[in-house]
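Structure assessment
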Amino acid sequence: MVLNYIWIAFFMIAFVVGIVKLVFFGDFDVFPAMISSTFETSKTAFEISLGLTGVLSLWLGIMKIGERGGLINALARLLSPVFTKLFPDIPKDHPASGSIFMNIAANMLGLDNAATPLGLKAMEQLQTLNPKKDTATNPMIMFLVLNTSGLTIIPISIMTYRAQLGAAQPTDVFIPILLATFFATLAGIIVTSVYQRINLLNRTMILTLGGMCLAVAAIIWGFSRMDEVLMNKVSLSVANILLMVIIITFILSGIRKRINCYDAFIEGAKEGFTTAVRIIPFLIAILVAIGVFRASGAMEALMDGIRWLFSSIGFDASFVDALPTALMKPLSGSGARGMMVDTMTTFGPDSFAGRLSCIFQGSTDTTFYILAVYFGSIGVRYTRHAVACGLLADLAGVIAAIAICYMFF
C-alpha cells in the first residue's frame with residue numbers, strides 16, 4: 001500500500017512541477033521530456049529484466065544443485081542460532097536461511113550479479129511460509145532491509161570510477177564507505193527489530209553484532225596497510241576467488257550426494273527464466289515513475305530547497321553538491337551512478353563533493369528497485385513497513401556518510 005502511494009506521488013509531483021515550469025517559466029520542453037522518459041525507462045526496465053535472465057538462470061541452477069546436495073540445509077543449520085533471533089518466524093533449519101546467508105555474503109563482496117538471483121531464491125522460499133501470499137511477512141521485510149542497507153565490504157566499482165576520472169588516491173574513500181554502509185545496516189536491523197518487536201539484547205545477537213564490528217575493524221586495518229594498486233588487486237581477486245569457490249562447493253555437494261548435477265542445474269535454470277519474465281511489469285512501473293520524476297525537474301528543485309534550508313540556518317552546505325547521488329540512490333542504481341560520475345566530473349574526484357558522492361553511492365542500495373524486483377517476483381502487493389524501514393536505513397547511511405566525510409576530508 002505504501003509503495004502504491006509513493007508511486008502515485010511520483011507522477012503527481014512531476015505533473016505539478018511540469019505545470020509550474022510551463023505556466024510561470026515558459027518551459028515548453030518539460031512535458032515532452034517527461035513523456036520521452038516514459039519510453040526510455042520502460043525500455044530500460046525491459047532490458048534490465050532481459051539481462052537478468054541469463055544470470056538468474058545460472059545462479060538458480062547452481063542453487064538447485066546446492067539444495068539437492070544438502071548444502072543449503074547445512075548452511076541453515078549453521079546459522080540457526082542467529083537466524084532464530086533475527087528471523088523468529090522462519091522454522092529452524094529451513095533452507096531459506098541458507099539462501100539469505102548466500103545473498104548477504106554476495107552483497108558484502110560486491111557481487112551484484114550473484115546477489116540478485118540468490119535473493120530472489122530466498123524470497124521464493126520465504127513465500128512458501130507466507131499464509132497471505134499478497135502481503136509481506138516479517139522475515140521478508142527484515143531480509144529486504146538487509147539488502148537495501150547495502151552492506152558492502154569491497155566497493156571495487158566505485159574505486160574504478162575514481163581511478164578513471166583521475167583521482168590521486170582512488171581508494172581513499174574505501175574506509176569511509178565501509179563505515180557508512182556498516183552504520184546503515186546496523187540502523188536497518190535495529191529499526192526493523194523495533195517494528196517487529198524483536199529483542200536484540202540477548203547473548204547471541206550481542207556476540208554476532210559485536211563480532212561483525214570486530215570483523216569490520218580488522219578489514220579496515222588490513223586494507224589501510226595496502227597501497228591503492230595492491231588494494232584493488234586483492235579486492236578483485238578475493239571477490240572472484242570466493243565466487244568460484246562457491247560454485248565448486250555447490251557442485252561437490254551434489255557429487256557427494258550422488259545426484260545428477262546437470263539435471264538439477266537445468267531445473268533451477270528454468271526457474272530463472274520464469275522469474276525474470278515475472279518481474280518485468282513491476283520493474284517497468286517503478287522505473288517509469290522515477291524517470292518522470294527526474295525529467296520534470298522535481299529532483300533538482302528538491303536539492304535547491306535543501307541547499308537553501310541549510311544555508312539559512314548557518315550550516316555548511318558543501319555536502320548538498322553531492323546530495324543528488326544520495327537522493328537518487330533509493331530510486332535508481334544506474335541513476336545514482338550517473339549522478340556520482342557527474343559530481344566527480346563537475347567538482348573533481350578529489351573534491352569534498354566528489355568524495356562524498358562516492359561514499360553516498362557505496363553506503364546504501366537501491367531501495368525501491370529492490371522492493372519492486374523482490375516483491376514483484378513473488379506477487380507481494382502489500383509491503384507493510386518495508387518501505388519505511390528501508391528508507392530509515394538509507395537515511396542513517398546518508399547521515400553517517402556526511403559525518404564521516406567531514407571527519408576524513
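You'll find the structure just up there.
Read on for an overview of the structure. Please read all numbers here as calculations on a predicted model, not as lab measurements.

The next point concerns the pattern of salt bridges. Per the stated rule, a full pass over the model turns up nine salt bridges. One salt bridge connects arginine 307 with aspartate 321, and the closest N-O pair in it is separated by 2.9 Å. Taken together, the residues arginine 307 in helix α13 (residues 298-312) and aspartate 321 in the loop between α13 and α14 (323-328) connect sequence positions 14 residues apart. Its relative accessible area of 25% is what places aspartate 321 among the partly exposed residues.

Together, Phe15, Val16, Ile19, Val20, Val23, Phe24 and Phe25 make up an exposed nonpolar region whose accessible area comes to about 730 Å². For phenylalanine 15, the position within the fold is in helix α1 (residues 2-25). Taking relative accessible area as the criterion, phenylalanine 15 reaches 43% and is therefore assigned partly exposed.

Right, let's talk about unusual backbone geometry for a bit. Trans peptide bonds make up the majority, and among non-glycine residues the majority have a negative phi. Although it is not a glycine, arginine 197 sits at a positive phi angle of roughly 55°. In this fold, arginine 197 is placed in the loop between α8 (174-196) and α9 (203-224). Given the relative accessible area of 80%, arginine 197 is considered exposed. The residue arginine 258 is not glycine, and still its phi comes out positive at about 55°. With respect to the helices and strands, arginine 258 occurs in the loop between α10 (228-256) and α11 (261-278). Classification of arginine 258 by relative accessible area gives exposed; the value is 78%.

To continue, consider the side chain of serine 37. Mapped onto the elements, serine 37 comes out in helix α2 (residues 30-68). A relative accessible area of 7% means that serine 37 is categorised as buried. Excluding its chain neighbours within four sequence positions, the residues that come into contact with serine 37 are Gly291, Val292 and Ala295.

The next subject is the packing of aromatic side chains. Counting across every chain of the model gives ten aromatic pairs. Aromatic pair phenylalanine 15 and phenylalanine 31: ring centres 5.9 Å apart, planes at 65°, arrangement edge-to-face. Of this pair, phenylalanine 15 sits in helix α1 while phenylalanine 31 is found in helix α2, placing the two residues 16 residues apart along the sequence.

What counts, and at which threshold
- Residues numbered from 1 in each chain as written.
- Predicted model: local features only at pLDDT ≥ 70, side-chain atom pairs only at ≥ 80, totals over all residues.
- Heavy atoms only, no water.
- Salt bridge = Lys/Arg side-chain N within 4 Å of Asp/Glu carboxyl O.
- Helix = DSSP H or I, 4+ residues; strand = E, 2+ residues; numbered from the N terminus.
- Buried < 20%, exposed > 50% of the residue type's maximum accessible area, 1.4 Å probe, protein only.
- Patch = residues over 30% accessible without salt bridge, like charges linked within 9 Å, V, L, I, M, F, W, Y side chains within 5 Å.
- Areas by Shrake-Rupley, 256 points an atom, 1.4 Å probe, with all protein chains shown as cover.
- Contact = heavy atoms within 4.5 Å.
- Phe/Tyr/Trp six-rings, centres within 6.5 Å; stacked < 30°, edge-to-face > 60°.

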